Every structure is written in structure tokens, then in C-alpha cells.
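Reading the structure
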Amino acid sequence: MATRVAIGNNKGGAKKTTLAVRLAEALAKAGKKVGVVDFDPQGNASRRLGWKDDPAAPKLTASEAIEYNEGKIVHEGQAAEVWQPIGWTTPYAERIRLIPARYTLEDRATEAGIRGAWRRLAKALKGTDDDLDYVLIDCPPSLGHLTQMALGACHFALASTEPEYDSIEAAVRYRDFVAASGEDLGSPELAFLGLVVSAYDMRVGGHVGQLAGAREIFGDQVWGVVPRRSLITNADEFAQPLDEVADSHEVRAVFENLAQRFVKEVPAL
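Model, not experiment: these values are computed from the prediction. (Residues numbered from 1 in each chain as written. Predicted model: local features only at pLDDT ≥ 70, side-chain atom pairs only at ≥ 80, totals over all residues. Heavy atoms only, no water.)

What follows deals with the overall build of the protein chain. A tally of helices and strands in the protein chain yields 10 helices and eight strands. In terms of overall size, the protein chain behaves like a compact globule, its C-alpha atoms giving a radius of gyration of 17 Å where 269 residues would be expected to give roughly 18 Å. With respect to the three principal axes, the spread of C-alpha positions in the protein chain is 55 × 40 × 35 Å. Taking all 269 residues of the protein chain together, the buried fraction comes to 55%. Of the roughly 11,600 Å² of accessible surface on the protein chain, 50% is carried by carbon and sulfur atoms. Separation between the mean location of the 31 positive side-chain charges and that of the 38 negative ones in the protein chain comes to 1 Å. (Helix = DSSP H or I, 4+ residues; strand = E, 2+ residues; numbered from the N terminus. Rg over C-alpha atoms; globule rule 2.2 N^0.38 Å. Buried < 20%, exposed > 50% of the residue type's maximum accessible area, 1.4 Å probe, protein only. Areas by Shrake-Rupley, 256 points an atom, 1.4 Å probe, with all protein chains shown as cover. Lys, Arg positive; Asp, Glu negative; His and termini not counted. Charge placed at Lys NZ, Arg CZ, Asp CG, Glu CD.)

Here's what the structure looks like:
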């Protein structure tokens, strides 16, 4: 299987989706084959990767990948038919595959009480990502059933945060949950990798102080700092790869450096 990494935080607005999409982009540019599992019912990662659904002929999504059939069983490899190409046209886009999401994924969150529900994603992915180097799972902003299902399918977890007190505090909760839950989620090897601080503006005193606080809490597990730049927001808004955005050299370099650390610290299976 691919090495699987969940990207999360216990708070919304922490730039999890931006990190998932841009890290996948940088890894693909570096020649890696990457899968992105959009496991947030908002479906933002899917849209930002250029995926478009057709209401007249709806495509399969993460919800169908983990949906019980009439026999109440999720079959091994059930996600095989759900992996899809992304909508970007850059040359490296062919190295990124997507399991998209739409709001119906929320229905699966209500099924936490069904026997074995927290292992559904791990079971559905089995054998479907063997040709990939990495799979990044974009988690919802909670520690609830969907995030637990994602962590149960993963080898590692990475946190994303903004340089704000509430967001960093929520990242600590995510880190501690990961450290305490691997065995219970059927993934005893699950390990926390680190934290990426996004939307940082050195002109804002609060950001400077919170970044210092994050370094005190996480130490060398602070992987890097992504500056606040409108071009990142615009690329996300218009579902563009950064290579198509003018004057994006600085931020491309930031994500490429993150990808280099990722490859160094996250072993491919």
C-alpha cells in the first residue's frame, strides 16, 4: 500500500485543505504518485483539485467508498472504483488521483455505532493504492467519527494550523488524540509527524507571538511556515495549480521545501 498520512486539526479554518492540496501538488512535481482522499463533507479539496460533479450523472465519492451494502459489509478494495483523475491540466496532474467528497459523506458520520464502522476506510482502501507512493487524507475539523476512520487507515498524521491561539490549541488536541488512539483505532503504528503553520504574517504581532508559542509546544516538529499570500487564496478559489499563478515562486518554494521534508521523514512502503 501507499504510505498514508491524515492531515487534521480540531478546528475549522486551519488551512488543512490548502496544505493537503499544495503538498500533493509539490510531491507530484517531485515525481511522486499521490492520492488525495477528501474526507471532509464540505468537499473543498475536491473542488480545488478541479474535480467537477455532474448532477445528471453523479460520480462516485468517498461516501460510496465506505458505504455498507445491504449485507452491512464494506468489501476490501471497495474504493477501487472511486479513485478518479483530478481536473488540472498541468503535466504533473497525471500523478495525482482523487477520492472526492460531497456533502453526503456526512451521512456516514451518523453510522459510528455500526459494528466495525471505524475500520471502513482502511478496508475500502486495501489494495487500491498499491501503485501510489503516498495518500494524503484531508480530515474534517473534528475528532469525531470521520477523522477517527481516517486515522484508522493511516500510518502518520500531520497537523495544520493558523498562527492563532484557538487553532494551535486545537492542533495540540489533534496531536494528543493521535498519540493516544492508534491502538484503539486498529493502527498501532500511527505516529504524529509535525505541524505546519499557515497564513503567517510577520507584520501581525499576534502571529509572531503565536508562532513562537507553537515552536515552544511542538519543538522541531514544526515543519515549516507558509506565509499569508493572496495568490494562495486565489489559487484555491479558482481551483488552480500554483504553476499557473503569476509571481508564485516564493510560495511554490515553501511547499516544495515541505515536500522535501515529507519525503525525508515519511518512509514509502
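Further notes follow.
The next subject is helix α7 (residues 165–181). For α7, which comprises 17 residues, the first-to-last C-alpha distance of 24 Å matches the rise-based estimate of 24 Å (1.5 Å per residue) to within 8%. Those residues of α7 that sit buried are Ser167, Ile168, Ala170, Ala171, Val172, Tyr174, Arg175, Val178 and Ser181. Against the buried residues of α7 lie β1 (3–8), α6 (145–152), β6 (156–161), β7 (191–200) and α8 (205–218). (Expected span 1.5 Å × (residues − 1). Contact = heavy atoms within 4.5 Å.)

Right, let's get into unusual backbone geometry. Of note, Ala199 is a non-glycine position whose phi angle comes to about 60°, a positive value. As for its placement among the helices and strands, Ala199 is situated in strand β7. A residue is classified by how much of its surface remains accessible, and Ala199, at 11% relative accessible area, is buried. Even without a glycine there, the phi angle at Ala239 is positive, about 55°. For Ala239, a relative accessible area of 18% gives the class buried.

Now for the environment of Val251. Structurally, Val251 can be placed in helix α10 (residues 249–265). Separated by 34 residues in the primary sequence, Val251 and Ile217 place their C-alpha atoms 25 Å from one another.

It is worth spelling out the nonpolar core at this point. Soluble globular proteins tend to pack their nonpolar side chains together in the buried interior. By size, the foremost hydrophobic cluster in this structure holds 48 residues, and its most contacted members are Phe39, Leu121, Ile137 and Tyr174. With five residues, the single largest contributor to this core is α7. Ignoring any residue separated from it by four or fewer positions in sequence, one finds Tyr174 in contact with Ala6, Ile7, Gly8, Asn9, Asn10, Leu143, Thr147, Leu151, Ala157, Leu158, Ala159 and Phe192. Core analysis: the next-biggest nonpolar cluster, separate from the first, contains 41 residues, Ala20, Trp88, Leu193 and Trp223 among them. (Core = buried A, V, L, I, M, F, W, Y, C linked by side-chain atoms within 4.5 Å.)

Next up on the list: the packing of helix α1 (residues 16–29) against α10. Packing of α1 against α10 leaves a shortest axis separation of 8 Å and a crossing angle of 75°. Considered as vectors, α1 and α10 are oriented roughly perpendicular to each other. Taken together, the residues of α10 that come into contact with α1 (itself represented by Thr18, Leu19, Arg22, Leu23, Ala26, Leu27 and Lys29) are Arg252, Phe255, Glu256, Leu258, Ala259, Phe262 and Val263. Grouping the amino acids of the contact of α1 with α10 by side-chain chemistry returns nine nonpolar, one polar and four charged. (Axes fitted to C-alpha atoms, helices over the stretch in contact; angles between N-to-C directions. Parallel < 35°, antiparallel > 145°, perpendicular 65-115°, else oblique. Nonpolar A, V, L, I, M, F, W, Y, C, P; charged D, E, K, R; others polar.)

It is worth spelling out the sheet that holds β1 at this point. Spatial strand order, β3-β4-β2-β5-β1-β6-β7-β8: eight strands in an open sheet with mixed pairing. The two strands at the open ends of the sheet, each matched to only one other strand, are β3 (84–85) and β8 (222–227). As paired strands, β1 and strand β5 (residues 134–138) are joined by five bridges and run parallel to one another. Residue Val5 lies in a different strand from β5, and its bridge partner there is Leu136. The strands touched by α7 within the sheet are β1, β6 and β7, with β6 carrying the most contacts at an inclination of about 170°. (Pairing = 2+ DSSP bridges.)

For β6, a buried count of six out of six residues is recorded, marking the element as mostly surrounded by other parts of the structure. Side-chain alternation along β6 places Phe156, Leu158 and Ser160 on one buried face and Ala157, Ala159 and Thr161 on a second face that is also buried. The pairing of β1 with β6 spans four bridges and is classified as parallel. Paired with Ala6 across the two strands is Ala157, which belongs to β6.

Moving on, we get to the environment of Lys59. Residue placement: Lys59 occurs in the loop between α2 (44–48) and α3 (62–65). Overall, Lys59 belongs to the partly exposed group, its relative accessible area being 36%. The spacing of Lys59 and Ala101 is 42 residues in sequence and 9.8 Å in space, taken between C-alpha atoms. If sequence neighbours within four positions are ignored, Lys59 has contacts with Trp51, Lys52, Asp53, Glu64, Gln84 and Arg102.

Nothing here speaks to function; it is geometry throughout.
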